[in-house]
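# Report on the structure
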Amino acid sequence: MTMRLADIAAQAGVSEATVSRVLNGKPGVASTTRQAVLTALDVLGFERPPKLRQQSAGLIGMILPELTNPIFPAFAQVIESALVPSGYTAVLCTQTPGGITEDDYTNLLLERGVAGIIFVNGLHADSRSDPARYARLSELGLPMVLINGYRPDIDAHFISNDDAAGLDMAVSHLVSLGHRRIGLAVGQERFTPTIRKTEGFRRALARYAGITDIEGLVVNTLYTVEGGQSAAQQLLDRDCTAICSGSDIMAIGAIRGVRQAGLRVPEDVSVVGFDDSPMTAYLDPPLTTVRQPVRDMGLAAVASLLEEISGIPAPRTELLHRPELVVRRSTAPVPADLSAAG
């Protein structure tokens, strides 16, 4: 039986040009339209081309900024495991400095005919980045979900950790221990998580300690060990007795900075992390940190994406997940001499 584009187009209710794009595996076709063409092939008794048979296995792109920060492999594991029961396979794409960019990965995934993409802390989290790259995906009809880094100018469903609430918890905990001179070591100012953490820190200091001027108490560096160390050194020079960190990786650097200054954690300086990465309980000392609800966020992202793929649009808004403060041994009451001086 000879395959005719006109027959398939009539059965699927689309144009012959659209059928041609689907049969040749070209991007730019909505997932629901693509599925209609594939269903028409099956109904009419035509064999799917080999390339389409491979695509029908169900590939989902997952783009992460890196794997050196343990929080991102944690997201990858949750998302990958959640996709398997629905017959989808995650295509993991991780970026490295000077390597393949997010845009390059996106193009590669489109060429592979993925059914959708989950972006974790991608360029959408950079408030200065061009949202046009995501508008293009929307125009192509590609389902996508973006984790952490809400942008109102991007037409997509967002899953985010409530960063401001996390800093509120951290500051409240430190103030309850008697700390007043509290600093924040956090990443670059242009990132949405940084903006929200800084605002949460500012509000919490005003609320719990009556401090409204945070000049000198916030140090923006990089979300790295070295960034945390550099920030801690600056905050110690400003007489901080406690440091909130933008990530657990930064907290490790902060502890290093405290020790290089000849001080102890937590006897002299308390340190709070952010994320509750898998290794935090095994640090010396075990790290008090704000637990990002990775499992709940990953499952929510997968559920939203699968609904989009099935033709049920997810809300074009942000779903905020509340974090949890995990108290371990890197925080302690402010040193007695400083408490008396305060």
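Preceding this paragraph is the structure being described.
Residues numbered from 1 in each chain as written. Predicted model: local features only at pLDDT ≥ 70, side-chain atom pairs only at ≥ 80, totals over all residues. Heavy atoms only, no water.

What follows is about the state of the cysteines. A covalent bond between the sulfur atoms of two cysteines is referred to as a disulfide. Counting across every chain of the model gives zero disulfides. Left without a disulfide partner, Cys 240 is nearest to the cysteine sulfur of Cys 244, which lies 9.7 Å away. Judged by its relative accessible area of 5%, Cys 240 is buried. (Disulfide = S-S within 2.5 Å. Buried < 20%, exposed > 50% of the residue type's maximum accessible area, 1.4 Å probe, protein only.)

Let's shift gears to the packing of aromatic side chains. All chains considered together, the criterion is met by two aromatic pairs. Considering the side-chain rings of Tyr 150 and Phe 158, the 5.0 Å spacing of their centres and the 85 degrees angle between planes classify their relative orientation as edge-to-face. Lys 197 extends its terminal NZ or CZ atom over the ring of Phe 274, reaching a point 4.2 Å from the ring centre. (Phe/Tyr/Trp six-rings, centres within 6.5 Å; stacked < 30°, edge-to-face > 60°. Lys NZ or Arg CZ within 6 Å of the ring centre and 35° of its normal.)

Attention shifts here to the sheet that holds strand 3 (residues 116-120). By way of backbone hydrogen bonds, the strands of a sheet pair with one another, either parallel or antiparallel. Taken together, the six strands give an open sheet; going across it, the order is 2-1-3-4-5-11, and neighbouring strands pair in parallel fashion. Every other strand in the sheet has two partners, leaving strand 2 (89-94) and strand 11 (318-321) as the edge strands with one partner each. Across this sheet, the average inter-strand angle for adjacent strands is 20 degrees, counted without regard to direction. Strand direction decides the pairing type here: strand 4 (residues 144-147) and strand 5 (residues 157-161), joined by three bridges, are parallel. Pairing of Val 145 across the sheet is with His 157, part of strand 5. (Pairing = 2+ DSSP bridges. Helix = DSSP H or I, 4+ residues; strand = E, 2+ residues; numbered from the N terminus. Axes fitted to C-alpha atoms, helices over the stretch in contact; angles between N-to-C directions.)

Within the open sheet, the six strands sit side by side as 7-6-8-9-10-12. Their pairing is mixed. A single partner strand is all that each edge strand has here, and the edge strands are strand 7 (218-220) and strand 12 (324-326). The mean inter-strand angle of the sheet, taken between neighbouring strand axes irrespective of direction, is 20 degrees. Here strand 8 (residues 242-245) pairs with strand 9 (residues 270-275) via three bridges, running parallel.

To continue, consider helix 10 (residues 225-237). Think of an α-helix as 3.6 residues a turn; residues three or four steps apart then line up on the same face. Over its 13 residues, helix 10 runs 19 Å from end to end, which matches the ideal 18 Å to within 8%, given 1.5 Å per residue. Along helix 10, the positions that sit buried rather than exposed are Val 225, Gly 227, Gly 228, Gln 229, Ala 231, Ala 232, Leu 235 and Leu 236. A positive phi of about 70 degrees marks Asp 239, the residue just after helix 10. (Expected span 1.5 Å × (residues − 1).)

Note: strand 9 against strand 10 (residues 288-291), four bridges, orientation parallel. Following the sheet pairing, Asp 275 is matched in strand 10 by Arg 291. Here strand 10 pairs with strand 12 via three bridges, running antiparallel. Among the inter-strand pairings, Arg 291 is bridged to a residue of strand 12, identified as Glu 324.

We now examine unusual backbone geometry. Where the residue is not glycine, phi is negative for most of them; where a peptide bond is considered, it is trans in most cases. Across the junction of Val 265 and Pro 266, the peptide omega takes the value 10 degrees, indicating a cis bond. Along the chain, the position of Pro 266 falls in the loop between helix 11 (248-260) and strand 9. Pro 285 follows Asp 284 through a cis peptide bond whose omega is 0 degrees. Residue placement: Pro 285 occurs in the loop between strand 9 and strand 10. Phi at Asn 121 takes a positive value of approximately 50 degrees, unusual for a residue other than glycine. Its location among the elements puts Asn 121 in the loop between strand 3 and helix 7 (132-139). Positive phi values are uncommon outside glycine, yet Asp 275 reaches one of about 130 degrees.

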